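Descriptive analysis of the structure
Below, each chain spelled out in residue letters.
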Amino acid sequence: MDFSFFLLLFITAIALLLAFFILLRKTSIAGTWFATIIVSVSLWSFTNAMCFIATDIKDGIFWAKLSYLSAILIAFSFFYFSLNFPENISYKKNKKPLLDYIIIALFSLVSIIIIFPGVMVKTVLLDPWEIVNGTGLYFFAAYFFLLMSWSLYNLGRKYFISEGNERMQLKYLFLGCFFSIAFGATFNLILPLLGNYDFVWFGPPSTIIMIGFVSYSILRHRLMDITVATGRVLTYATTFITLFTIGYLLSIAAEYLNLHEVYKIIFIVLVATTLFNSIFNFFEKFASRYLYYSFYSSKEVLNKLGEKLTRIMDVDELSDLTTKTIMETMKLDRTVILLRNEKTGKFDIKRNFGFKEENGISLVKDSFLTEYLKKTQKPLVYDELTAMISDAKSEEERKKIKNLRKNMQKIEAALCNLLISKDEVIGMIVLGEKISKDPYTHQDVELLDSLCKQISISLQNAKLYSEVQDFSENLEKKVDEQVKELKVAYKKLQRLDKIKTEFMSIVSHQLRTPLSIIKGHLSMIEEGVYDNNEERRKEILTNVYKANERLITLVNDVLNISRIQSGKVEIHKEETSIEKIIEETIEKMQKPAEDKGVKITFSKPKEDIPLLNIDTNKIENILINLIDNALKYTPQGEITISLQKEEKDIKIEIKDTGDGMTKEEIEKLFETFSRGEAGKKHWIQGSGLGLYIAKQFVEMHEGKIWATSEGEGKGSQFYITLPF
């Protein structure tokens, strides 16, 4: 027995193992046919090996015929596999019974030709090995090449009409099968037809090419989810080894007990049967926890989750339950649920486990992703994007997919799917890699799709329930709020009515007083009372002038308030020195200050103050109002004005040594017709409009104005800030 014999046995074992994995998967029709191909390859390799060790002609003829039968079974299985894979474009959707009858009839005929004595195999030569063929070989070759060519044509045609992951699966299947068929047919059919049997042992090893391509497609492109079976195989193998060890130990124990052979066997079988489930579950949990194999039943997961979902009506709890279920079931390292904000249309993170939020989870902002998922109605797997790029129908679509792949890679996302309820996108689930680094299987993708549909309905129901609850709970609050608003509006109306009354009272008083003075003095001048006293007449005219000025000021204040409240006040800004405005204002106010015996000082800043973009007249009006107000509240003493530069603005302080204010007076200080008690005591003719107008002008410059006081008799401080 040489190297070729052991190589053929090795190929046999590898092929059987692959077939076992596929069948254990409880796979589709296409998977079953593919498993049949692999079993046939294993049989073909084994019969070729047996031909090399045949010791007589009868055995040689038997193994030669079996080798031809296994070869024709490979072609037959490969043909039906090509019709049924992939499932979404399979032959079963357009079934033609007549085709089946013809193919099966020809298969039966060729099989009979192979088995019938002397038709296919006349005899064999043992050393060196050679088959003496009959005319049946030509029928065999024709049928074999027909099925193989037709099968490759089916796979090639489907490759060009498929897309995404299925396209990649078909690509590697076609390449692997083509090269294996080419080598196998050359070494085991064409050369023997020409009388050369020296290389027949090369045929079976050529199937390694197919197995290699298929294995790559299994690992990289989830071909028929064969990887799912790997963990099961290991679990079953470990369980049987453990039971065998226990059985062996029990048999030794039985020897010491001198049990009859029959009782010993019954005892061992009972123990093994009793322990099987417990041992299998133990190793399954062990593999799941430490080897990260995900063993689950989709139906069981959906049923359990469905029972819990029906009892939960809180969006947060639903999100928690969903993420934990998916992560535990599929053994993931990260999962995130995002819910769509109806107002902004963007996706907001609801529950995040493992994803780095600093990466932005930017893919959820990709409108192309949302459009694609909504269009396909199935999850998107990161590994499939490469195939999607090659299948793109335009350069623009290719760029979008590349950008999507870049975004998914950035946040380490492996799979994502939309949450859709009644054709409305309500959210998205994004999954990271499995802890085991295994690719996602079709079972995983289908489970996620089913979970998303179930969760979407539950989230929508929870949302509606929450809205109903909120409406029910907040209805009374809203009614209370409306009542409160009505009360506030009523109080506001009362206040406005009071202001109106005060306005009428103050304005009528303020207008009546100067008019009365003017009227009285003018009447006395007209009657000639002061004709002989020139000095007294000048004094009277001065009083008339002052009364007129008060009247003009009052009218201007009322007009200013009217324009402010109607939004008709215009601001004419220009770059101006605030120091200069302060100095000019102080100069204007020096005379009334000196008449009252109050000193006004300006504490100039130590650093340069930048020019401000302001309305000079409005700022001057503000300063005059504040200085005039300080004069009214300061019977005697000092008014100090200071200016300083802060981080983003300049600050003006006007400090007096007057009567001060209470906390209650400060709160109402900048309202219309508001006057402190000290002002009423020292200056009964005030209207209470100046500070209100000053506040409005400051705010028009995007500045602030406020006042402080330590209390009655302790003076006041007014502050203004203006941005630069």
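Coordinates for the structure precede this section.
Right, let's walk through the structure included here. (Residues numbered from 1 in each chain as written. Predicted model: local features only at pLDDT ≥ 70, side-chain atom pairs only at ≥ 80, totals over all residues. Heavy atoms only, no water.)

Describing the state of the cysteines
- Enumeration over the complete set of coordinates arrives at zero disulfides.
- With no disulfide of its own, Cys 452 lies closest to Cys 416 among cysteine sulfurs, the gap being 9.8 Å.
- In this structure Cys 452 comes out as buried when scored by relative accessible area, which is 1%. (Disulfide = S-S within 2.5 Å. Buried < 20%, exposed > 50% of the residue type's maximum accessible area, 1.4 Å probe, protein only.)

Re the pairing of strand 11 (residues 637–645)
- Sheet analysis places strand 9 (residues 598–603) next to strand 11, joined by six bridges and oriented parallel. Bridging across to strand 11, Val 598 finds its partner in Gly 637.
- Sheet topology places strand 11 next to strand 12 (residues 649–656); seven bridges connect them, and they run antiparallel. Residue pairing for strand 12: Lys 645 is matched across the bridge by Ile 650.
- Between strand 11 and strand 12, which pair antiparallel in sequence order, lie three residues. (Pairing = 2+ DSSP bridges. Helix = DSSP H or I, 4+ residues; strand = E, 2+ residues; numbered from the N terminus.)

Observations regarding empty space enclosed by the protein
- Here the structure, examined in full by the defined rule, presents two cavities of 30 Å³ or more.
- In this structure, the largest cavity spans a volume of roughly 420 Å³.
- If you go around the largest cavity, you meet 31 residues; those closest to its centre are Trp 44, Ala 71, Phe 144, Gly 184 and Asn 188.
- For the lining of the largest cavity, the secondary structure elements donating two or more residues are helix 2 (29–52), helix 3 (57–84), strand 2 (129–133), helix 5 (136–161), helix 6 (164–193) and helix 7 (207–221).
- The dominant element in the lining of the largest cavity, judged by the number of residues it contributes, is helix 6, at eight residues.
- Tallied by class, the residues present in the lining of the largest cavity amount to 24 nonpolar, seven polar and no charged.
- Here the second largest cavity is characterised by a volume of approximately 40 Å³.
- Lining the second largest cavity are Asn 629, Ala 630, Tyr 633, Asp 656, Met 661, Ser 716 and Phe 718.
- Secondary structure elements with two or more residues in the lining of the second largest cavity: helix 18 (616–633) and strand 14 (716–723). (1 Å grid on protein atoms, 1.4 Å probe; cavity = no way out; pocket = protein on both sides within 12 Å on 5 of 7 lines; lining within 4 Å. Points joined across faces, edges and corners; volume = space filled by probe spheres on them. Nonpolar A, V, L, I, M, F, W, Y, C, P; charged D, E, K, R; others polar.)

Section: the packing of helix 3 against helix 5
- Where helix 3 contacts helix 5, the two axes come as close as 9 Å, and the packing angle between them is 25°. Taken together, the axes of helix 3 and helix 5 lie roughly parallel to each other. For the crossing formed where helix 3 meets helix 5, the hand is left-handed. Of the residues in helix 5, those in contact with Tyr 68, Ala 71, Ile 72, Ile 74, Ala 75, Phe 76, Phe 78, Phe 79, Ser 82, Leu 83 and Asn 84 of helix 3 are Leu 137, Phe 140, Tyr 143, Phe 144, Leu 147, Met 148, Trp 150, Ser 151, Leu 152, Asn 154, Leu 155 and Lys 158.
- Partitioning the contact of helix 3 with helix 5 into residue classes produces 18 nonpolar, four polar and one charged. (Axes fitted to C-alpha atoms, helices over the stretch in contact; angles between N-to-C directions. Parallel < 35°, antiparallel > 145°, perpendicular 65-115°, else oblique. Left-handed = near helix turned anticlockwise from the far one by under 90°. Contact = heavy atoms within 4.5 Å.)

Thoughts on the environment of Val 119
- With respect to the element layout, Val 119 can be found in the loop between helix 4 (97–115) and strand 1 (121–126).
- As for Val 119 and Gly 134, which are separated by 15 residues in sequence, their C-alpha atoms are 5.1 Å apart.
- The residues contacting Val 119, other than those within four sequence positions of it, are Ile 113, Gly 134, Thr 135 and Gly 136.

Quick notes on the sheet that holds strand 11
- Ordered in space as 9-11-12-14-13, the five strands form an open sheet in which the pairing is mixed. The sheet terminates laterally at strand 9 and strand 13 (704–708), the two strands that pair on one side only. Recorded for the sheet is a direction-independent mean angle of 15° between the axes of neighbouring strands.
- Looking at chain direction, strand 13 and strand 14 are connected through five bridges and run antiparallel. Bridge assignment links Ala 707 to a residue of strand 14, and that residue is Phe 718.
- Of the strands in this sheet, strand 9, strand 11 and strand 12 are in contact with helix 17 (residues 578–596), which crosses strand 9 at around 165°.
- Of the strands in this sheet, strand 9, strand 11, strand 12, strand 13 and strand 14 touch helix 18, which is tilted by about 170° from strand 14.

Considerations on the environment of Glu 575
- Within the element layout of this structure, Glu 575 appears in strand 8 (residues 574–576).
- For Glu 575, a relative accessible area of 61% puts it in the exposed group.
- Spatially, the C-alpha atoms of Glu 575 and Phe 724 are 10.0 Å apart, while their sequence positions differ by 149 residues.
- Among residues more than four places away in sequence, those in contact with Glu 575 are Leu 611, Leu 612 and Asn 613.

Regarding the pairing of strand 3 (residues 335–340)
- With five of six residues buried, strand 3 is to be regarded as a mostly interior element.
- The pairing of strand 3 with strand 4 (residues 347–353) spans six bridges and is classified as antiparallel. In the strand pairing of strand 4, Leu 338 is matched with Ile 349.
- Hairpin remark: strand 3 followed by strand 4, antiparallel, with six residues in the connecting loop; positive phi at Gly 345, about 80°.
- The pairing of strand 3 with strand 7 (residues 424–431) spans five bridges and is antiparallel. Pairing of Leu 339 across the sheet is with Gly 427, part of strand 7.

Remarks on the sheet that holds strand 5 (residues 380–381)
- Across the sheet, which stays open at both edges, the five strands sit in the order 4-3-7-6-5 with antiparallel pairing between neighbours. Because the sheet does not close on itself, it has two edges, and the strands there are strand 4 and strand 5.
- Together, strand 3, strand 4 and strand 7 form the strand contacts of helix 11 (residues 315–330), whose direction differs from that of strand 4 by roughly 50°.

A few points about the pattern of salt bridges
- The tally for this structure, following the rule as stated, stands at 13 salt bridges.
- Glu 583 is the salt-bridge partner of Lys 604, the closest N and O atoms lying 2.8 Å from each other. Taken together, the residues Lys 604 in the loop between strand 9 and strand 10 (612–614) and Glu 583 in helix 17 connect sequence positions 21 residues apart.
- Here Asp 628 ties to Lys 632 by a salt bridge, and the two come within 3.0 Å at their closest N and O atoms. Pair noted here: Asp 628 and Lys 632 are both in helix 18, with a separation of four residues, about one helical turn.
- One salt-bridge network, in which partners are shared between bridges, spans Asp 316, Asp 320, Lys 350 and Arg 351. (Salt bridge = Lys/Arg side-chain N within 4 Å of Asp/Glu carboxyl O.)

Notes on the packing of aromatic side chains
- Following the criterion strictly, the structure yields 17 aromatic pairs and no others.
- An angle of 70° between the planes, with centres 6.0 Å apart, marks the rings of Trp 33 and Phe 76 as edge-to-face. Here Trp 33, found in helix 2, pairs with Phe 76, found in helix 3; they are 43 residues apart in sequence, far enough to count as distant.
- Using a relative accessible area of 10% as the deciding quantity, one classes Phe 76 as buried.
- Centre to centre, the rings of Trp 33 and Tyr 80 are 5.2 Å apart; their planes meet at 20°, and the pair counts as stacked. Of the two residues, Trp 33 is situated in helix 2 and Tyr 80 in helix 3; the sequence distance between them amounts to 47 residues. (Phe/Tyr/Trp six-rings, centres within 6.5 Å; stacked < 30°, edge-to-face > 60°.)

Thoughts on a nonpolar patch on the surface
- Together, Leu 98, Tyr 101, Ile 102, Leu 106, Leu 109, Leu 146, Trp 150 and Tyr 153 give the surface a local cluster of nonpolar side chains, amounting to about 820 Å² of exposed area.
- Residue contributions to the nonpolar patch peak at five residues, all from helix 4.
- Along the chain, the position of Leu 109 falls in helix 4. (Patch = residues over 30% accessible without salt bridge, like charges linked within 9 Å, V, L, I, M, F, W, Y side chains within 5 Å. Areas by Shrake-Rupley, 256 points an atom, 1.4 Å probe, with all protein chains shown as cover.)

Treat this as a map of the structure, not an account of what it does.
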